[in-house]
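# Structural overview
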Amino acid sequence: MSIPEAQLQTWSNLGATVSSATTYNSIKTCIEGHTWKDDISFNIYLQGSYRNSTNIRGDSDVDVVVEFSTIFYSNKDELSWQQRQDFNECYSDGKYSLTSFTNAIIERLKDYYGDAYVKVGNNSIKILANSGRLDCDVICCAEYREYRSFSKINTTNYAKGIVFWTNETDEKVVNFPKIHFDNGTLKNQVCNSNYKSTIRIIKNIKAKLVNSATI
């Protein structure tokens, strides 16, 4: 049975964005409203389907990244001996840890939203929906640098990503969300904006098959 073109057009449309923006702004206001020490810095940004403009009507959870940028982690142990020597001469151990920052974020979220609305999971901190706010997964992470090489005269030969350790299993997770976003945007541009709309169609087809218990 074929799918009418009108249905495909409907499925290709972007899902609601107002509620996701409300959720994101609420989290941002909560965290930025805290009185942090002068040497604490971080970036807050959307991730996932709402960030990549691939969200559909059925998407509910909003993913928000809180990236601790006062410190960074890297693959320095994979560098050659001389490169590690140069690295250690340029950088020393950080004053803070990602664990301490994450704990501070959890306390801030609980103070702001209440304990009943904040659930700490293995990969993220879940903020439950309320008053026009969607369910939200807050991912606390730190900057990660995947070095290709390192020297005193070239300290920037790396891919920038994020890293965190799961709360329950202490598993290291490395991802590159900004590179992923840029690649998706470029891919969408070179195929006449058909890439992201096609993703939305496929997600809607999957949702329909799940809802009908076909899969």
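Scroll up a little and you will see the structure.
Residues numbered from 1 in each chain as written. Predicted model: local features only at pLDDT ≥ 70, side-chain atom pairs only at ≥ 80, totals over all residues. Heavy atoms only, no water.

Time to look at the overall build of the protein chain. When you go through the protein chain residue by residue, the secondary structure sums to seven helices and seven strands. Across the 215 residues that make up the protein chain, the buried fraction comes to 37%. Considering only intrachain contacts with a sequence separation of at least 6, the fraction spanning at least 24 residues in the protein chain is 60%. Accessible surface, the protein chain: about 12600 Å² in total, of which carbon and sulfur atoms supply 49%. (Helix = DSSP H or I, 4+ residues; strand = E, 2+ residues; numbered from the N terminus. Buried < 20%, exposed > 50% of the residue type's maximum accessible area, 1.4 Å probe, protein only. Contact = heavy atoms within 4.5 Å. Areas by Shrake-Rupley, 256 points an atom, 1.4 Å probe, with all protein chains shown as cover.)

If you trace the backbone, Gly-121 turns up in the loop between β3 (118-120) and β4 (125-127). Separated by 46 residues in the primary sequence, Gly-121 and Asn-167 have C-alpha atoms spaced 6.8 Å apart.

On inspection of all chains with the given rule, the structure shows seven salt bridges. Two residues, Glu-32 and Lys-28, come together in a salt bridge whose shortest N-O distance is 3.0 Å. Linking Glu-32 with Lys-28, this pair stays in helix α2 (residues 18-32), spanning four residues, or about one helical turn. Taking the relative accessible area as the measure of exposure, Lys-28 reaches 24% and is therefore partly exposed. Notably, a salt bridge pairs Lys-152 with Glu-89, separated by 2.5 Å at the nearest N-O pair. Highlighted residues: Lys-152 in the loop between β5 (136-147) and β6 (158-165) and Glu-89 in helix α4 (residues 81-90), separated in sequence by 63 residues. For Glu-89, a relative accessible area of 55% translates into the label exposed. Salt bridges sharing common partners tie together Asp-61, Lys-126 and Asp-137. (Salt bridge = Lys/Arg side-chain N within 4 Å of Asp/Glu carboxyl O.)

With six bridges connecting them, strand β1 (residues 42-47) and strand β2 (residues 62-74) associate as antiparallel partners. Residue Tyr-45 lies in a different strand from β2, and its bridge partner there is Val-65. Of the strand pairs in this sheet, β2 and β5 are connected by ten bridges, and their pairing is parallel. Residue pairing across strands places Asp-63 opposite Asp-137, the latter belonging to β5. (Pairing = 2+ DSSP bridges.)

With that settled, consider the nonpolar core. One finds Ile-31, Phe-101, Ile-105, Leu-109, Ile-125 and Ile-127 to be the most contacted residues of the largest nonpolar core, which totals 38 residues. Taken together, the elements giving at least two residues each to this core come down to α2, β1, β2, α5 (98-113), β4, β5 and β6. No other element matches the seven residues that β5 contributes to this core. Not counting chain neighbours up to four residues away, the residues in contact with Ile-125 comprise Ile-105, Ile-106, Leu-109, Val-118, Lys-119, Cys-136, Asp-137, Val-138 and Cys-140. Membership of the second largest hydrophobic core comes to five residues, among which are Leu-79, Tyr-147, Phe-150 and Tyr-158. (Core = buried A, V, L, I, M, F, W, Y, C linked by side-chain atoms within 4.5 Å.)

The contact between helix α1 (residues 5-12) and helix α7 (residues 194-211) brings their axes to 7 Å, and the two run at 105°. The angle between α1 and α7 places the two elements in the roughly perpendicular class. Of the residues in α7, those in contact with Leu-8, Trp-11 and Ser-12 of α1 are Ser-197, Arg-200, Ile-201, Asn-204, Ile-205 and Lys-208. Counted by class, the contact of α1 with α7 contains four nonpolar, three polar and two charged residues. (Axes fitted to C-alpha atoms, helices over the stretch in contact; angles between N-to-C directions. Parallel < 35°, antiparallel > 145°, perpendicular 65-115°, else oblique. Nonpolar A, V, L, I, M, F, W, Y, C, P; charged D, E, K, R; others polar.)

A few words on the environment of Ser-97. Tracing the sequence through the fold places Ser-97 in the loop between α4 and α5. Taking the C-alpha atoms as reference points, Ser-97 and Thr-70, 27 residues apart in sequence, are found 9.3 Å from one another. If sequence neighbours within four positions are ignored, Ser-97 has contacts with Phe-68, Ile-71 and Tyr-73.

Tallied over the entire structure, the rule returns 15 aromatic pairs. Judged by centre distance (5.5 Å) and plane angle (65°), the rings of Trp-36 and Phe-42 are edge-to-face. Grouped by ring-pair contacts, the aromatic residues Phe-72, Phe-87, Tyr-91, Tyr-147, Phe-150 and Tyr-158 constitute a single cluster. The cationic tip of Arg-145 hangs over the ring face of Phe-72; the distance from NZ or CZ to the ring centre is 3.8 Å. Just above the ring of Tyr-45 sits the side chain of Lys-178; from NZ or CZ to the centre is 4.8 Å. (Phe/Tyr/Trp six-rings, centres within 6.5 Å; stacked < 30°, edge-to-face > 60°. Lys NZ or Arg CZ within 6 Å of the ring centre and 35° of its normal.)

What is shown is where atoms sit, not what they do.
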